[in-house]
Amino acid sequence: MATVLEPPEVVTEEAEAAEAAWGDTTGFLRRPRSTEGFWGWVMTVDHKKLGVLYAATAFVFFIIGGAEALLIRLQLAQPNGHILSANQYNQIFTMHGTTMIFLVIMPMSVGFANYMVPLQIGARDVAFPRMNAFSYWTFLFGGIFLYSSFVFGGAPNGGWFGYAPNTSITGYLPGRGTDFWVFGLLLLGIASTAGAVNLVITIINMRAPGMGLLRMPIFSWMTLVSQLLTVFAMPIITVALFLLMFDRNFGSNFFNPAAGGDPVLWQHLFWLFGHPEVYILILPAMGLVSEILPVFARKPLFGYPVMVFSGIAIGFIGWGVWVHHMFAVGLGPVAVSAFSVSTMFIAVPTGVKIFNWIATLWGGSLRFRTAMLFAIGFIVMFTIGGLSGVTHALSPSDRQQTDTYYVVAHFHYVLFGGSIFGLFGAMYYWWPKIFGRMLNETLGKWHFWLTFIGFNLTFGPMHILGLQGMPRRIYTYDQSLHLGFWNLVATIGAFIIALAVLVFIYNALVVTPKTALVGADPWDARTLEWSIPSPPPEYNFAEIPTVHSLDDYWHQKYTEDEDGRLVRLPNYEQVRAASDTNVARHGEPVHMPSPSYYPIIAAFGLLVIAYGMILGHNSGINYLISVIGAVIVLGGLYGWGLEPSFEPVELEHAPVEQPALVGAGVGVGAGAPGELGAGAAGALDAGQSSPGETGGLPGGNGGGNGGRREPPGTDGGETPESPSTEGDG
Amino acid sequence: MTDVTEQPSQETPPEQPSQEAAPEQPAPPQQPVPPEQHPGPPGAVGIRHHPSDAQYMLIALILAIVTGVEVLVYYIKGLGDAGNPILIILAATKFIIVVSFFMHLRFDNKLLRRVFITGIVLALVVYVIVFLSLGVFTSSHGVHG
Amino acid sequence: MATTTPATTPATVVDSPTSTPVEHGLSHVTNTGISNEKLAMWTFLGSECLLFGALISTYFLYRGRSVTGPTPKQVYDIAYTSISSFVLLMSSLTMVLALAAIQRGDHVRLRLWLTATALLGTVFIGGQVYEFTSFVHEGLTLKTNLFGSSFFVLTGFHGAHVTVGIMMLLSLAMMSYRGKIPQSKAEVIEIAGLYWHFVDIVWIVIFTVVYLIPSPHAPRPAVPVQIR
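Every value quoted in this text rests on a predicted model; they were computed, and no experiment measured them. (Residues numbered from 1 in each chain as written. Chains lettered and ligands numbered in written order. Predicted model: local features only at pLDDT ≥ 70, side-chain atom pairs only at ≥ 80, totals over all residues.)

Next up on the list: the overall build of chain C. Helices and strands together make up the secondary structure of chain C, namely six helices and zero strands. Sorting the 228 residues of chain C into buried and exposed places 63% on the buried side. Taking contacts inside chain C between residues at least 6 apart in sequence as the whole, the part at least 24 apart equals 76%. (Helix = DSSP H or I, 4+ residues; strand = E, 2+ residues; numbered from the N terminus. Buried ≥ 20, exposed ≤ 12 C-beta atoms within 10 Å, placed from the backbone. Contact = placed C-beta atoms within 7 Å.)

Next up on the list: the overall build of chain B. Assigned secondary structure in chain B consists of four helices and zero strands. Taken across its 145 residues, chain B has 34% of its residues classed as buried. Residue pairs at least 24 apart in sequence account for 25% of intrachain contacts in chain B once pairs closer than 6 positions are excluded.

By the assigned domains, chain B splits into domain 1 (48-108) and domain 2 (110-145). On a C-alpha basis, the centroid separation for the pair domain 1 of chain B and domain 2 of chain B is 22 Å. (Domains from an automatic or database assignment.)

A few words now on the packing of helix H10 (residues 333-361) of chain A against helix H11 (residues 370-393) of chain A. Residue and element names in this part refer to chain A. Between H10 and H11, whose axes approach to 10 Å, the crossing angle comes to 165°. By the criterion of interaxial angle, the relationship of H10 to H11 is roughly antiparallel. With respect to the hand of their crossing, H10 and H11 are arranged in left-handed fashion. Here Ser340, Thr343, Met344, Ala347, Thr350, Ile354 and Trp357 of H10 come into contact with H11, specifically with Ile379, Thr383, Gly386, Val390 and Ala393. Broken down by class, the residue content of the contact of H10 with H11 amounts to seven nonpolar, five polar and no charged. (Axes fitted to C-alpha atoms, helices over the stretch in contact; angles between N-to-C directions. Parallel < 35°, antiparallel > 145°, perpendicular 65-115°, else oblique. Left-handed = near helix turned anticlockwise from the far one by under 90°. Nonpolar A, V, L, I, M, F, W, Y, C, P; charged D, E, K, R; others polar.)

The next thing to look at is the environment of Glu538 of chain A. As for its placement among the helices and strands, Glu538 of chain A is situated in the loop between helix H15 (484-511) and helix H16 (552-557). For Glu538 of chain A, a count of 23 C-beta atoms within 10 Å translates into the label buried.

Moving on, we get to the environment of Met234 of chain A. Position of Met234 of chain A relative to the elements: it lies in helix H7 (residues 218-250). Between the C-alpha atoms of Met234 of chain A and Pro276 of chain A, which are 42 residues apart in sequence, the distance is 9.3 Å.

All names here are of chain C. On average, residues of chain C score 86 in pLDDT, and 82% of them are at 70 or above. When the elements of chain C are averaged for pLDDT, helix H2 (residues 72-75) gives the smallest value, 92, and helix H4 (residues 107-137) the largest, 97. Under a pLDDT of 50 for its full length, residues 1-20 has, in the predicted model, 59 contacts with residues more than four places off or in other chains. Here the complex is predicted with pTM 0.84, and the ipTM for its interfaces comes to 0.87. (pLDDT = per-residue confidence, 0-100.)

Now for helix H6 (residues 177-205) of chain A. Each α-helix winds once per 3.6 residues, and so residues spaced three or four apart point in a common direction. Between its first and last C-alpha atoms H6 of chain A spans 42 Å; for 29 residues at 1.5 Å apiece the expected length is 42 Å, and the two agree. Within H6 of chain A, 29 of the 29 residues are buried, which leaves the element mostly enclosed by the surrounding structure. (Expected span 1.5 Å × (residues − 1).)

In this section: the confidence of the model for chain B. Any residue range with low pLDDT should be treated as having predicted coordinates unsuitable for detailed reading. Residue and element names in this part refer to chain B. Per-residue pLDDT for chain B has a mean of 70; in total, 61% of the residues score no lower than 70. Note that pLDDT drops below 50 for residues 1-47; the model gives that stretch 113 contacts with residues more than four away or on any other chain. Here residues 140-145 is modelled with pLDDT under 50, and outside its nearest four sequence neighbours on either side it reaches 13 contacts, counting other chains as well.

Next up on the list: helix H5 (residues 146-177) of chain C. Residue and element names in this part refer to chain C. With 32 residues, H5 extends 46 Å between its outermost C-alpha atoms, agreeing within 8% with the 46 Å of an ideal straight helix rising 1.5 Å per residue. Among the 32 residues that make up H5, 25 are buried, leaving the element largely enclosed by the rest of the structure. Among the residues trailing H5, Gly179 stands out with phi positive, at a value near 80°.

So, on to the packing of helix H4 (residues 86-121) of chain A against helix H8 (residues 263-297) of chain A. Each pair of packed helices gets described by two things: the angle between the helix axes and the distance between those axes. Residue and element names in this part refer to chain A. For the pair H4 and H8, the least separation of the axes is 10 Å and the interaxial angle reads 35°. The hand of the H4/H8 crossing is left-handed. The residues of H8 that touch H4, namely those facing Ile101, Ile105, Met106, Ser109 and Ala113, are Ile280, Leu281, Pro284 and Ala285. The residue makeup of the contact of H4 with H8, split by class, is eight nonpolar, one polar and no charged.

Looking now at unusual backbone geometry. Residue and element names in this part refer to chain A. Of the consecutive residues Ala164 and Pro165, the connecting peptide bond is found in the cis state with omega at 0°. In this structure, Pro165 sits in the loop between helix H5 (129-148) and H6. With an omega of -10°, the peptide bond between Ser534 and Pro535 qualifies as cis. For Pro535, the location among the structural elements is in the loop between H15 and H16. In this model, Arg298 sits at a positive phi of 55°, which is unusual for a non-glycine residue.

Shown next as structure tokens:
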């Protein structure tokens, strides 16, 4: 909430009117005011807090998914393992894949995007802060729902890809695990779609003046592309999941061969989503690498426009390759050849990126900090994964590799060696901005090298195992296959990874909190997020900056001489000092959207619907629970739609403009919930965001919303203070 | 996305280019202009063409007629599958009319058109490919060798 | 007033047109001049194309592949469905008239046309319910065959979207009645209208692809999966 530093000078009629209007809004509880403490986190709509929540939750799921991986590796360490039964193994590997993809990489990337994109583009928040909160809570509840399956009769065990009719004919996979998978993924899909719309609109519409799209940091660009992919791909898996749900619970025939249903339809729908999904998983990490390398090489990203366009090309071509997951299904040589070719095409923009990264490093003044090590590690590991991917593109070789451990090696090289490495790099890079302290460098290097060694020990041998014929998704193998040696190596590698993660946790939770605070720009970096204090104030920028070029912040600090060497500008020290003091002045409240409890209520309602659907299958009366859940969602949405995004209290400090008046009591009618697909997300989103929500949102600019901000510099000698965000209610 | 229009010269130097950001507004001295006071057609800043009520009804009449033609085509015996392209064209016509005029896409910012068309074209392309691979357009033998 | 930092006052050159923030109706500044809400709704509708595309494609794929049970020709009543299609089409007209009304500041007509739209939508839904019940009586359910499954899921999804739309419209009418939709907030109606029109154009496609385009005369066998 904005600082309330001075007593109100004028309480205008408009202020009173708005106060009265606010009383009209439906709200059975007082609207939360505080941004502090536990409830401050629960009710937050601040993109920074939500970013931290996303990333922290994703990290917890990373630990859980990692534990599942260790169980897998223990089971497979030797022939005829006894650690897990076949059914348990199926649950563990299904949950491992589902977790890592939907509960780790996607939310972790979105967490960083949430935190950093508004800062990078010079905005005060995302376009729809309450929907942002709603996305997070729906994600959390979806993850909890999915994992609760372990105690409610067994986790999903049909693989993360859930092929029908194995999953659709209830006799094949007894139990409710697959239903937990279906509804869990539907919840996660709603969260992702809503979040994606939010980020897309934010990036397109809320950039600072002067920041044309080709002056925008590359991470924000890659976020834009991946979130657009999300927006268009999620509905497809939503439909697939609904069809599966109807087959399982209501006796429809979509994937029932006896009725003429075609299991290949599931594969098409799933992979139509699934392939863009893998680019959703990798593009943000590519953006992260593209941010890190220039800072630690002290050179601009080589070929920035080309990097942007190859990212777009990857996103675009990514829609044309999905059948390469189905080469062995029997679609015939025409389909297979066509998709072989298109898959090879996509290697081109990817390769372009790799060359540009190398060129970025070339001739740079390299600082091998941990962030840089992970970024370079990404380049090497992802290249290896990409090369095995090229062998998959060729359908004859793919015919041998498919369904073997060679594929497992491929996607772990690109997803772990790629995405996870990139995300860890981002942690080291941005930790000082988010928390004000640097992660310990020594421990960081231990983390990196243990990860690097462990990772390659785990997944390198899988190429060999695959070519030796070890199938995927088997819970054990016989002695006579002679697969034991490399499996044992892989298991050892997995435990080294686990050790590395422990080092990171120790670093983050124990060592780093005791280190010194750092300033706004500890890395001497390039982009706008480094021009504000660490951690940033709630409103991000005291003044929304005007941007004049790519890497505008860098160009305020440096220029180049005729030989192309970096030269510090005379203002260098001032610029960096100004970053630390880039806070709103005393008496200049910056208006930010108020916390709200409706997003979490709406998310909770979705959770209730999901449980009702599970229980309803046992006994029809239980579907009433889903109805109750729908009512909760509806209530949450109505409350959300009718409450102003800014509370009128701040009016006291805005003598002329009445931001809450614009939004107060005016909301778009709430759409009803009641459907679980992307449709609901849309109804929620578009139906709910009250004009006041975005209206006032990036406070203090443009017509009628946001607080007044007086220019800084009028009190030349005054010591600026960071406004404390104290709740006032 | 800044207060370019609200505080033009509280400090040096005034920034001329950014003041042109909202040319329709009267230059506000120290205060932003609440949206109610913006000049121009209410609720529609910028160049917007609004068909009149009568024109909307005419469009609706056209849509009704096209629907009628579609039904007629359906009922013409003996057309069989040859009627399909006609039906698709008629449906596409209605689709485009509603999107262009009722949804105002014809008159709106091109970005909106691009976003929507991306969705449609993407859907058409990928689903047609699915049909091709599952033998929808070949009649009896399905996927050929 | 838009300086980057107090220390430097670079000449401001705001050149790229897409980066120049533009004032617009819902009173905040955006790079494109389109409000966040409107852009969000169009983006959402773009994604809904993929959703309904998948459902329609599933139906289209399974045309003529049902192994048993009633076929479309046996249960469809095209005349009846034409009427309900016409009703939904007219609801788009009333919707756009509602928008035109609030853009003129005519609150009474806004509520009138919003209610009319909701009413027409309800008639459509009523028609759907009646149609579905009669199909069930003729032996076509979700479980019966591929036709039943794909038909009911597709039209059910559409009907659910229409229902959500009706609730939204009625809520807006109520809010207008309570004075919460001033003329300056006309865009809210516009955005609700976009959703409603989308639901209508989806039906335009469904009516043609599902009802009017006849199924193949003889049931086609399911595509054999050839192992090669």
